[in-house]
Amino acid sequence: MVEIERHDYDVLVIGAGGAGLRAAIEARQRGLRTAVICKSLFGKAHTVMAEGGIAASMGNVNSRDEWRVHFRDTMRGGKFLNNWRMAELHATEAPDRVWELETYGALFDRTADGRISQRNFGGHEYPRLAHVGDRTGLELIRTLQQKIVSLQQDDHAETGEYESRLRVFQECTVTELLKDGDRMAGAFAYWRENGRFVEFRAPAVILATGGIGKSFKVTSNSWEYTGDGHALALKAGAALINMEFVQFHPTGMVWPPSVKGILVTESVRGDGGVLRNSEDRRFMFDYIPEVFKDNYADSEDEGDRWYDDPDTNRRPPELLPRDEVARAINSEVKEGRGSEHGGVFLDVSSRMPAEEITRRLPSMHHQFKELADVDITAGPMEVGPTCHYVMGGVEVEPDTAASRVPGLFAAGEVAGGMHGSNRLGGNSLSDLLVFGRRAGAGASEYVQGIGARPAPAESDVDAAARRAEDPFDPGDSATSAENPYTLHHELQQSMNDLVGIIRRGEEMRQALDALTGLRERARHLAVEGNRQFNPGWHLALDLRNMLLVSECVARAAVLRTESRGGHTRDDHPGMDPNWRKTLLVCTLDGPPHGVESPVEVVEQPQTPMREDLLALFQLDELRKYFTEDELAAVPSAES
Ligand code: FAD
């Protein structure tokens, strides 16, 4: 029998990015014994990479901003598919979460009169992103970690032990959730360094594991983004929604190869950068969709004037929501007006002096100079779409972040609903804090309300250990042993080519066939060596999650026969109001890694928006998105 280390907590938070840390702080502040587990080093979460800022309608730069405007922008960005209650909570609570970060020690950039500065971003009507240069995520994580240390110091003062109520387990990967009947009971994990197994017992588990980008070939995401939380939730009986909506950020570097996929923050455009094709044309003026015509400049002059006088001019179309810009770049390249390496040109160098660029965008300048010898103050960058963010995730109850499984909660990028079909830039960092806090509160209240504590069955823990060790023992299938790196490469290629930025039914069906083949081959995954720091083994385990989650993406994408936000279909180019009322919900029906596809996708009606929120929109705008039946029910439609 394998030796397994064991820990008991009240609340287990899986993930140490912005969502996980804010959740852990909340649970600990409410008096619960809390553990944070992360598969990377503490401090190296994806959140660290966030550049542009955190969206909150504080109104510091334009006093007209307020939560209702932010709510409207978020719903528009998500093409009205968002869970409106989440969008409401997010818009109303984001300013408090930013101010709270200041009390934890965050040092935001300031306006001339000393307030937190806010910058423009695509889809946001007013300057709304609080920022720290282009290193906002780093400051957010630094500050949350500092808060955790200060809580641990309080605990030391009171109990004599720093980790008595809040402990971080870093470089520890969770492979399975453990249940007692239908309730959460803990998680099974291994230490990355020595491969030893760990059983965590806790009645409440918060998933805060981030996204899925590593299933795609060109991505801005780092190695942790293998959809673990999405897969853990599915396997535990929770549902995923909106999985067909994957955001391709319009401006990833396409050249040189050393920086391919790496993000060029939207602040480059927010601060004046423009997109040009190989004919030197600012092509975004040719791509302003009908629904946004009134809000965007129709000439370069007006667009340029907007930077200094936003009240009497409309914003330039380079600042359209990300899905629109990504599609436009894709079309330009397809029509032969792209750059030599298959992108377009993003130029900030001719728009402001070099010192100004290095002051406003220090990381961008430093990173591309160091990694690729590209000087963004001297010439344009070659950019194109890169897989960046998944709007889809665990279906949660908006106020508490609770999933369908008692005791299982989710927050941050792993949760679905908040961003609908397309996320606005800056709305993720605020989402992490708003719903991280709510998940911490929801989990704490859940634990305080349960009677007998659940406990995982020993046989389940042993089974989890066996499944983790499977790749070392391919058994009879040794002759057909599969290499995890090969399978990963093939998965990324299929998702990139067949379920990427522009989709077609026929290609996605090919992708599903490819995924079936990969699922079958993954049953024969084999790795050499032992459990001591073994990246091949780690990938073999991650790959199971990537395959499961990719199947959700492809299955939902085939079914949604319209184009909306991050889901663009060549064979169904328009938005269909009937689809706006409908969510696609993925669950597992059968063993996760069996021969048959375990993923089931069903349609579920959206909850109609509350009347007072509907009243925030003009009927003319709603007409672009809603069905006749829905419009008839809008209060203002009656008059
Ligand atoms: P993360 O910060 O990714 O944390 C996930 C955690 O889960 C990590 O600690 C990881 O180790 C852990 N984990 C994962 N799987 C497991 C497992 N199996 N076991 C244990 N631990 C696990 N958003 C904005 O709002 N503004 C921006 O300016 C912005 N800029 C961005 C720039 C870049 C380059 C990128 C890639 C994204 C950007 N985003 C931005 C998006 C935003 O950064 C992410 O959506 C957000 O940080 C996700 O936070 P999270 O807390 O959900 O997950």
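These numbers were taken from a predicted model, which means no experiment stands behind them.

A word on helix α13 (residues 484–498)
- A rise of 1.5 Å per residue sets the reference length of α13, with its 15 residues, at 21 Å; its end C-alpha atoms lie 21 Å apart and thus fit the reference within 8%.
- The set of residues buried in α13 consists of Pro484, Leu487, His488, Leu491, Gln492, Ser494, Met495 and Leu498.
- Those residues of α13 that are buried lie in contact with α14 (505–522) and α15 (535–559).
- Two to three positions downstream of the cap, the backbone nitrogen of Tyr485 sits 2.6 Å from a side-chain oxygen, assigning the N-cap of α13 to Asn483.

Focus: the domain arrangement of the chain
- In terms of domains, the chain is made up of domain 1 (5–209 + 223–240 + 388–459), domain 2 (247–387), domain 3 (466–592) and domain 4 (608–638).
- A straight line from the C-alpha centre of domain 1 to that of domain 4 covers 32 Å.
- Residue-level contacts link 11 residues of domain 1 with 10 residues of domain 4.
- Summing both partners gives a buried area of about 1000 Å² for domain 1 against domain 4, and 73% of it is carried by carbon and sulfur.
- Per-residue buried area on domain 1 facing domain 4 is highest for Arg72, Phe80 and Trp84; these three make up 55% of the total on that side.
- Between the two partners, domain 1 and domain 4, sit two salt bridges.
- Arg610 is the partner of Glu88 in a salt bridge, and the nearest nitrogen-oxygen pair spans 2.7 Å.
- Run the count over domain 1 and domain 4 and you get four residue pairs in polar contact (both at pLDDT 80 or more).
- Among the elements of the structure, α2 (67–77) and α3 (84–104) are those that each provide at least two residues to the side of domain 1 that touches domain 4.
- In terms of residue count, the dominant contributor to the side of domain 1 that touches domain 4 is α2 (six residues).
- Among the residues forming the side of domain 1 that touches domain 4, the class breakdown is five nonpolar, no polar and six charged.

Observations concerning the site of the ligand
- By nearness alone, 40 residues border the ligand, and His46, Thr47, Gly52, Tyr225 and Glu413 come closest of all.
- One of the side-chain N or O atoms of Arg423 is found 3.5 Å from a nitrogen atom in the ligand.
- Contact with the protein chains removes 99% of the 1000 Å² of surface that the ligand exposes when unbound.
- Of all the elements in the fold, those that place two or more residues in the shell around the ligand are α1 (18–29), β3 (34–38), β8 (172–180), β16 (381–390) and α11 (427–449).
- Here the shell around the ligand gets four residues from one element, more than from any other, and that element is α11.

Quick notes on the pairing of strand β9 (residues 183–191)
- The buried fraction of β9 amounts to eight of the nine residues, a majority that puts the element mostly inside the structure.
- Strand direction decides the pairing type here: β8 and β9, joined by eight bridges, are antiparallel. Bridging from a neighbouring strand, Thr173 pairs with Tyr190 of β9.
- Between β8 and the antiparallel strand that follows it, β9, lie two residues; Gly181 among them carries a positive phi value of about 65 degrees.
- Inspection of the sheet shows β9 paired to strand β10 (residues 197–201) by five bridges, in the antiparallel sense. The residue bridging Ala189 from the neighbouring strand is Val198, located in β10.
- Turn length for the β9-β10 hairpin, with the two strands adjacent in sequence and antiparallel, is five residues, and the turn residue Gly195 shows positive phi of about 75 degrees.

Considering the environment of Arg269
- With respect to the element layout, Arg269 can be found in helix α6 (residues 267–270).
- Leave out the neighbours within four places in its chain, and Arg269 touches His249, Pro250, Thr251, Leu275, Tyr307, Glu318, Leu319, Val325 and Leu346.

Remarks on the environment of Thr92
- Structurally, the position occupied by Thr92 is in helix α3.
- Taking the C-alpha atoms as reference points, Thr92 and His70, separated by 22 residues in sequence, lie 8.6 Å from one another.
- For Thr92, the side chain forms a polar contact with the main-chain oxygen of Glu88, separated by 2.9 Å.

What counts and what doesn't
- Residues numbered from 1 in each chain as written.
- Predicted model: local features only at pLDDT ≥ 70, side-chain atom pairs only at ≥ 80, totals over all residues.
- Heavy atoms only, no water.
- Helix = DSSP H or I, 4+ residues; strand = E, 2+ residues; numbered from the N terminus.
- Expected span 1.5 Å × (residues − 1).
- Buried < 20%, exposed > 50% of the residue type's maximum accessible area, 1.4 Å probe, protein only.
- Contact = heavy atoms within 4.5 Å.
- Polar contact = N/O pair within 3.5 Å; in protein donor to acceptor, adjacent residues only side chain to side chain.
- Domains from an automatic or database assignment.
- Buried area = accessible area lost by both parts, 1.4 Å probe.
- Salt bridge = Lys/Arg side-chain N within 4 Å of Asp/Glu carboxyl O.
- Nonpolar A, V, L, I, M, F, W, Y, C, P; charged D, E, K, R; others polar.
- Near = heavy atom within 4 Å.
- Areas by Shrake-Rupley, 256 points an atom, 1.4 Å probe, with all protein chains shown as cover.
- Pairing = 2+ DSSP bridges.

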